[in-house]
Amino acid sequence: MSIPSDIASTEAFVPEVPPLGLPSLGLEEDTGRRAGAGPWRRAWLLMRRDKPTILAAIVLVLIVLSSLSAPLYAGYVAASDPFRSNLSARITVDGKRVKVMQASTEGLGLGVTPIGPTYGAQYFLGADTQGRDVAARLLYGGRNSLLIATSATVICLVLAAIIGITAGFFGGVTDQILSRILDILWAFPVYLLAISLSIVLLSHGIVIGPIEITGDSLLLPIVIIGIIYVPYVARPVRGRVMALKRSEFVLAATGLGIPAWRILVNDILPNVSTMLIVFVPLMMALNIITESSLSFLSIGVQAPDASWGTIIQDGQTLLYTRPAVALAPGIAIALTVLSLNVLGDSIRDALDPRTKLV
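Residues numbered from 1 in each chain as written. Predicted model: local features only at pLDDT ≥ 70, side-chain atom pairs only at ≥ 80, totals over all residues. Heavy atoms only, no water.

**As for the overall build of the chain**
- Along the chain, the regular secondary structure elements total 14 helices and six strands.
- With 358 residues in all, the chain has 40% of them scored as buried.
- Once local pairs closer than 6 in sequence are excluded, the contacts in the chain between residues at least 24 apart make up 65%.
- Counting only carbon and sulfur atoms, one obtains 66% of the accessible surface of the chain, whose full area is about 20,000 Å². (Helix = DSSP H or I, 4+ residues; strand = E, 2+ residues; numbered from the N terminus. Buried < 20%, exposed > 50% of the residue type's maximum accessible area, 1.4 Å probe, protein only. Contact = heavy atoms within 4.5 Å. Areas by Shrake-Rupley, 256 points an atom, 1.4 Å probe, with all protein chains shown as cover.)

Have a look at this one:
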């Protein structure tokens, strides 16, 4: 039977313009009119057109670079040790030598008050109750807060991926055991669990064979925060894997006798990786807030280390006289979390086909 000429021509199936009601994304110009740009390239093209996403990325990069420059700022600009008390120090402000800890003008005039923001090289944001440079401590605190949040996110996503993929793909008894463990962790309020673990482990630390983590180590809040959020990521991963396991391409691969490990590597992991990438900025934002909360309660980062949470705690007694001590790290937390949430939403929209062209 012959095929009509109007059907045989492939051009009859190629639309000249986008369908009515659906805006053109302009991807044809960026990809040289190639058919089917890859999902990662498509996501990048969508994200770079979103001005809030670009602004959030710029803010986040500036915060990270500023935090990484903490030793340079403390050594060459502030010229002070942000981890040592400077109660008797003097600095030059507008050509005059002034004390860092000044006589109090409140009430009976007893005691001392830290110097306020000078907006100069030294004590740009003023001093805390120990006479330490708040700006230098803010940068060091940001470095520790970002380090803890990033490391805890990696631990959480790795554990959640392993548990979720194993439970969802193998099912049966394996799924029952892992799901019940997740249910136990899920039953505890997340902050109550974090506080309980922190209080217990601060005094005893963690000892696993030759590995020992002391109570004053940054690894302790990293491990605690990384573990408490595993159920919140593992459950969506498990559900995604169970859906993929019933998909046609996985059933076809199973029917062809392809080994399970090859199906996991070639079919399951690539499809789950997009979900994990979406979780990265969202979990980092959540981990920053959790770490700051624990450090504010003195059960997170321990002295002499600093974090944004410990600096807020140092400034709570100075809210009426030197509010910059507590407000500066609070603003840093707000900007960082807001930037991460905007990036997370943008990545989710770019990688999820169901949110396209809505």
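**Observations concerning the nonpolar core**
- In terms of nonpolar packing, the biggest core is built from 40 residues, with Ile165, Val233, Ile268 and Val272 touching the most fellow members.
- Among all residues touching Ile268, those that are not within four sequence positions of it are Ile165, Phe169, Val241, Leu244, Val250 and Ile263.
- Counting residues in hydrophobic clusters, the runner-up holds 28 residues, among them Leu60, Ala78, Leu125 and Met284. (Core = buried A, V, L, I, M, F, W, Y, C linked by side-chain atoms within 4.5 Å.)

**Description of the packing of helix α6 (residues 134-170) against helix α13 (residues 308-315)**
- Running from N to C, α6 and α13 cross one another at 140°; their axes reach a closest spacing of 7 Å. As summarised for this structure, α6 and α13 are arranged oblique, according to the angle between their axes. Facing Arg137, Leu138, Gly141, Gly142 and Ser145 of α6, the residues of α13 in contact are Trp308, Thr310, Ile311 and Asp314.
- Partitioning the contact of α6 with α13 into residue classes produces three nonpolar, four polar and two charged. (Axes fitted to C-alpha atoms, helices over the stretch in contact; angles between N-to-C directions. Parallel < 35°, antiparallel > 145°, perpendicular 65-115°, else oblique. Nonpolar A, V, L, I, M, F, W, Y, C, P; charged D, E, K, R; others polar.)

**With respect to the confidence of the model for the chain**
- This prediction gives the chain a mean pLDDT of 84; 85% of its residues lie at or above 70.
- Low pLDDT, under 50, characterises residues 1-36; the stretch is placed with 23 contacts to residues that sit more than four places away or in other chains. (pLDDT = per-residue confidence, 0-100.)

**Focus: the side chain of Asp314**
- Residue placement: Asp314 occurs in helix α13.
- Within the structure, the side chain of Asp314 is placed 3.3 Å from the side chain of Arg137, a separation counted as a polar contact. (Polar contact = N/O pair within 3.5 Å; in protein donor to acceptor, adjacent residues only side chain to side chain.)

**With respect to the pattern of salt bridges**
- One pass over the structure, following the stated rule, counts nine salt bridges.
- With a shortest N-O distance of 3.7 Å, Arg137 and Asp128 are connected by a salt bridge.
- Asp314 is the salt-bridge partner of Arg137, the closest N and O atoms lying 3.3 Å from each other. Placement of Arg137 in helix α6 and of Asp314 in helix α13 is noted, with a sequence separation of 177 residues between them. As far as the burial class goes, Arg137 and Asp314 line up, both buried.
- Several salt bridges converge on common partners, so that one network encompasses Asp128, Arg132, Arg137 and Asp314. (Salt bridge = Lys/Arg side-chain N within 4 Å of Asp/Glu carboxyl O.)

**Some thoughts on the pairing of strand β1 (residues 90-93)**
- Here β1 runs beside strand β2 (residues 96-99); their pairing, made up of four bridges, is antiparallel. By the bridge assignment, Val93 is partnered in β2 with Lys96.
- Counting the residues between successive antiparallel strands, the hairpin from β1 to β2 contains two residues, one of them, Asp94, with a positive phi of roughly 55°. (Pairing = 2+ DSSP bridges.)

**What to know about the packing of aromatic side chains**
- By the definition in use, this model includes five aromatic pairs.
- Ring geometry for Phe83 against Tyr140: centres 4.9 Å apart, planes inclined by 70°, an arrangement best described as edge-to-face. Of this pair, Phe83 sits in the loop between α5 (70-77) and β1 while Tyr140 sits in helix α6, and the two are 57 residues apart along the sequence.
- A relative accessible area of 14% places Tyr140 in the buried class.
- Among the aromatic residues, those joined into a ring-pair cluster are Trp186, Tyr229 and Tyr232.
- Against the face of Trp186 rests Arg235, its NZ or CZ located 5.0 Å from the ring centre.
- Sitting over the ring of Phe169, Lys245 keeps its end group 5.9 Å from the ring centre. (Phe/Tyr/Trp six-rings, centres within 6.5 Å; stacked < 30°, edge-to-face > 60°. Lys NZ or Arg CZ within 6 Å of the ring centre and 35° of its normal.)

**Observations regarding α13**
- Of all eight residues in α13, six are buried; the element is thus mostly enclosed.
- Within the span of α13, buried status applies to Trp308, Gly309, Thr310, Ile311, Asp314 and Gly315.
- Summarising the contacts, the buried residues of α13 are in contact with α4 (51-68), α6, α12 (260-296) and α14 (324-351).

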